[in-house]
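Residue-level structure breakdown
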Amino acid sequence: MDPLTATCPMPQTETERVLLGHGSGGRLMAELLAGVIEPELGLTGPAEDAAVVDLGVAGGHDEVIVSTDAFVVTPRVFPGGDIGELAVNGTVNDLAMRGARPVGICLSYIVEEGLGIEELRTVTASVARAARSAGVRVVSGDTKVVGRGAADGLYVTTTGFGLGLPGARISAANAQPEDVVLISGPIGLHGTAILSVRENLGFEAEIASDTRPLHDLVAAMVDAGGVSVHALRDPTRGGLASALNELAETSAVGVELDESAIPVPGTVAAACDLLGLDPLHVANEGCLVAFVSPEAALDVLVAMRAHPAGHQARPIGRAVAAHPGRVRMYTTVGATRVVDMLVGEQLPRIC
Amino acid sequence: MIGVCLGIPGRVVELTDEGLRMGVVDFGGIRREVCLAYEPDAVVGDYVIVHVGFAISRVDEEEAARTLEVIRAIPDALETELGATGPIEDEPRETEPREAAGR
Amino acid sequence: MKYLDEYRDPVLARRLLADIHATAGHKWTIMEVCGGQTHTIVRQGIDELLPAGVRMIHGPGCPVCVTPLEMIDKALAIAARPDVIFTSFGDMLRVPGSATDLVSLKARGADVRVVYTPLDAVRIAAAHPDRQVVFFAVGFETTAPANAMAVLRAAALGLSNFSMLVSHVLVPPAMTAILDSADNEVQAFLAAGHVCAVMGWTEYEPIAARYRVPIVVTGFEPLDLLEGILMAVRQLEDGRHEVENQYARAVRRDGNTAARDAMRAVFQVSTRLWRGIGPIPASGLTLTPDFARFDAERRYGVAAVTADENPACIAGQILQGTKIPTDCTAYGTLCTPRHPLGAPMVSAEGTCAAFHNAGRS
């Protein structure tokens, strides 16, 4: 062996790709956390096994609202956002749909060996930015690394928690006949944005994901309508059709929709026409449907319209006592048809 | 799912040549590469019907307008024979409750 | 979208409906051939708004649905091979074969890829010279020119690793088979607009004359279908039996010559087996001898594969229009989009799927 060309047998620090060693709890992992993840998230203080979170209330709350979610979207970066932003907004929204003011998020990564460290940094920076925007803190985290092929790049899981908004009594089981169904904005943007960057379907579009936190909008709605805001849902996978079917089923009410009232942006309609998809089944990440009692509906609608996340809000239908669990729609030519849930997988992993 | 019969109209915005006559077609804001080999006379600005990535026909804009004019010429008076219908807020509809066949 | 949205105008739709009501004085049975037309009719509920005497029968217009079971099994046999990248339109992925389907095969590791255009299959072949790429060429005359171009392109590029599993069907022979059938009740047809954009309508003139049936070349948007139905009803009331063109903005009498030239170079007419109907002479396309080297059936030796249908599935009668999905004992129970027994429930354009998704029971 030529001493001049011999390479040092000590392990080199990998600066570009995540290695299995980064997940093994030793020095490499500490370096990854200290060098990449913690700075982005602004985590300071001693590294503990669990976080103690001061909820900042002087009694009065005996319930915490909690939600957990996983994000496996590919591609991880898409027009309008990335998996990090999606993870924060998605978690915040789950809490908001139950009438909570989100307080904090626990974050966990499952990283595939070989993922670029820069990508990990960028995603974490997105998480931090989205959390700041939404006014929530990332309080706890975990990182695991699995072998090449055992995960698709990066999976993010979250657990979010929050406190109930005063005066809110919101539940998927709460919708009542005669409730007005309001939607906060146009549908189909997220799913179509994802599709537009999928290789085998490849088309260019000026469509960006609508991912955004909705908790502030919900707070404004509860402010205006109080307990008249009966049920909320953000239609993610499965689209508006699936979300409404779930609510109809859980609340045992029927739903009647007016097809011409449902806001579908032209580009979304065009993409759906091109690919033969139904906009009602396409995923969303930044809109919500609300079931509100008729006396309060106008006030809630006005409050939504005054808020940036709801400025295109409108009524799209109502709950009825007839056909509980079923969603029916008046088509543009005046006939009616049943709107069913999405059957099976329309697209692989869009959120 | 992608419909095998699906053919939709779009506007040619760019022509390219890769040994095969290709172009970019705009469908209401969505753009896609389309093979124009079967519409060799199509130029930028023309509307074509696209099926599985191929232009199979050109839209005749005069005929398109004529079709609509003919339909618009159908007198409104006929509508009253059908009865008024419209969005949900109008007079109550009779809807027979359907037997759920299982979902 | 221009040239699309205008043909969805609800006010004009109601005028057409009113005109149909005013014109129809007798009971009539009309068949729309194309699955895309069935889809619009059922999804918009158009058939429920027609006068009680005007009945729409949904024809065998879904090329996915009429693909014979053995052809699916051939596709599955080829796709299962480790050296093959199997490409297909999305619609075919969940059609059940005798034992499994392409989606399940894909989940078990087969390289099955959805493509939007057959040219992408050729691109994949060019990019992977070490793998065999097979394209599942299903469709009516509308799709044949695209598939022909894929073959021509592969030949021009000198690709030896590209082949096509051809299952093309032609519309006019199917129409005459239905008209010849003893149970036939169809009195007029709405011909498939995009098929005619390619082929023109000259082939339909002898059919209209011989069987004395009106044939109206019709588009796919609600106004197109309503106008097509109105034109058919007018002919029926007048006792005429002509070929008329409702879809004038996209269809000319001679169709698309360049497209047909390419089809003629690559494909020849042959007998085809139609699922649920049986073999119809001169009703399909196969590759000409000049391009036989691109035939996947030959390349993979699957020509002799045969298959038996699930007895509960009445796809044949659905496709011929002699039964509707709600007549089927398995509909909505054993057979749903979630676990389909036959093709008309799997394909988005299939009659059974269209009914189920619109909640018909």
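Worth saying up front: this structure is predicted, and the values here are computed from it rather than measured. Sequence positions are assigned chain by chain, starting from 1 and proceeding in written order. For this description, chains carry letters from A and ligands carry numbers from 1, given in the order in which they are written. Side-chain atom pairs in this predicted model are given and counted only at pLDDT of 80 or more, local residue features only at pLDDT of at least 70, and totals for whole chains, interfaces and linings cover all residues. Heavy atoms throughout the structure, all of them, feed into the side-chain values; hydrogens and water do not.

1. Quick notes on the overall build of chain A
Think of it this way: any DSSP run of H or I at least four residues long counts as a helix, any run of E at least two long counts as a strand, and we number them from the N terminus. Secondary structure assignment for chain A yields eight helices and 14 strands. By the compact-globule yardstick of 20 Å for 351 residues, chain A fits well, its C-alpha radius of gyration being 23 Å. Viewed in the frame of its principal axes, chain A has a C-alpha envelope of about 85 × 55 × 30 Å. For chain A, with 351 residues in total, the buried portion stands at 55%. The contact rule is simple, with two residues in contact once any of their heavy atoms fall within 4.5 Å. Contacts in chain A between residues at least 24 apart in sequence constitute 86% of all its contacts with a sequence separation of at least 6. All accessible-area figures derive from a Shrake-Rupley calculation using a 1.4 Å probe, and residue coverage is judged against the displayed protein chains alone. Accessible surface for chain A amounts to roughly 14700 Å². Of this, 53% is attributable to carbon and sulfur atoms. A gap of 2 Å separates the mean positions of the 23 positive and 42 negative side-chain charges of chain A. Here the radius of gyration uses the C-alpha set of atoms, whereas the globule reference equals 2.2 Å times the residue count to the power 0.38. Accessible area is worked out with a 1.4 Å probe on protein chains only. A residue is then buried under 20% of its type maximum, exposed over 50%, and partly exposed in between. His is not counted here, nor are the chain ends, while Lys and Arg score as positive and Asp and Glu score as negative. Every charge is mapped to an atom, namely NZ of Lys, CZ of Arg, CG of Asp or CD of Glu.

2. Points about the side chain of E32 of chain C
All names here are of chain C. With respect to the helices and strands, the residue E32 is situated in strand β1 (residues 28–32). Pairing of N or O atoms within 3.5 Å defines a polar contact, subject to two protein rules: one partner must be a possible hydrogen donor and the other a possible acceptor, and residues neighboring in sequence count only if both atoms are side-chain atoms. Here the side chain of E32 touches H58 through a polar contact of 2.6 Å, side chain to side chain. When near neighbours in sequence (up to four residues on either side) are disregarded, E32 contacts Q37, T38, I41, M56, I57, H58, G59 and L190.

3. As for the confidence of the model for chain B
Residue and element names in this part refer to chain B. On average, residues of chain B carry a pLDDT of 76, and 69% of them reach 70 or more. A score from 0 to 100, pLDDT tells how confident the predictor is in each residue. Per-element confidence in chain B ranges from a low mean pLDDT of 51 for helix α2 (residues 79–82) to a high of 96 for strand β5 (residues 54–58). Across the whole predicted complex the pTM is 0.83, and at the interface the ipTM reaches 0.90.

4. What to know about the nonpolar core
Think of a nonpolar core as a cluster: buried Ala, Val, Leu, Ile, Met, Phe, Trp, Tyr and Cys residues, connected wherever their side-chain atoms sit within 4.5 Å. Judged by nonpolar contacts, the single largest core of 141 residues is most densely connected at I30, F86, F162, Y204, I215 and I229 of chain C. Apart from the residues within four sequence positions on either side, F86 of chain C is in contact with A75, I78, A79, L102, D111, V112, R113, V134 and F136 of chain C. Counting 32 residues, the second largest nonpolar core, distinct from the first, contains I37, A87, L115 and V156 of chain A.

5. Quick notes on the pairing of β1 of chain C
All names here are of chain C. With respect to burial, β1 is a largely interior element, five of its five residues being buried. As judged from the five bridges shared by β1 and strand β2 (residues 54–58), these two strands associate in the parallel manner. Counted as the bridge partner of W28 is V54 from β2. Strand pairing is assigned whenever DSSP identifies at least 2 bridges connecting the two strands.

6. Comments concerning the sheet that holds strand β9 (residues 229–233) of chain A
Paired through their backbone hydrogen bonds, the strands of a sheet run either parallel or antiparallel. Residue and element names in this part refer to chain A. Strands sit in the order β9-β11-β7-β12-β10-β13-β14 across an open sheet of seven strands; the sheet is mixed. Here the strands that pair on one side only, and so sit at the sheet edges, are β9 and β14 (336–338). Between one strand and the next, the sheet's axes are offset by a mean angle of 25°, whatever the strand orientation. With four bridges connecting them, strand β10 (residues 254–258) and strand β13 (residues 327–330) associate as parallel partners. The residue bridging D258 from the neighbouring strand is Y330, located in β13. All axes here are fitted lines through C-alpha atoms, helices being fitted over the stretch that makes contact, and every angle between N-to-C directions spans 0 to 180 degrees.

7. As for helix α2 (residues 35–44) of chain C
Summarising burial for α2 of chain C: nine of the ten residues are buried, a large majority. Of the residues making up α2 of chain C, those classed as buried are G35, G36, Q37, T38, T40, I41, V42, R43 and Q44 of chain C.

8. Considering the packing of helix α2 (residues 83–96) of chain A against helix α3 (residues 117–134) of chain A
Residues and elements named next belong to chain A. Running from N to C, α2 and α3 point in directions that differ by 35°, and their axes come no closer than 7 Å. In terms of crossing hand, the pair formed by α2 and α3 is right-handed. In contact with I83, G84, E85, V88, N89 and V92 of α2, α3 contributes V123, S126, V127, A130, A131 and A134. The hand of a helix crossing depends on one turn: near helix anticlockwise from the far one by less than a right angle means left-handed, and clockwise means right-handed.

9. Thoughts on the pairing of strand β2 (residues 21–27) of chain B
Residue and element names in this part refer to chain B. With six of seven residues buried, β2 lies mostly within the body of the structure. The loop that links strand β1 (residues 7–17) with its antiparallel partner β2 comprises three residues; one of these, G19, has a positive phi angle of about 85°. Here β2 runs beside strand β3 (residues 30–35); their pairing, made up of six bridges, is antiparallel. Opposite F27, over in β3, you have I30 as the bridge partner. What sits between β2 and β3 in their antiparallel hairpin is a turn of two residues, with G28 showing a positive phi close to 50°.

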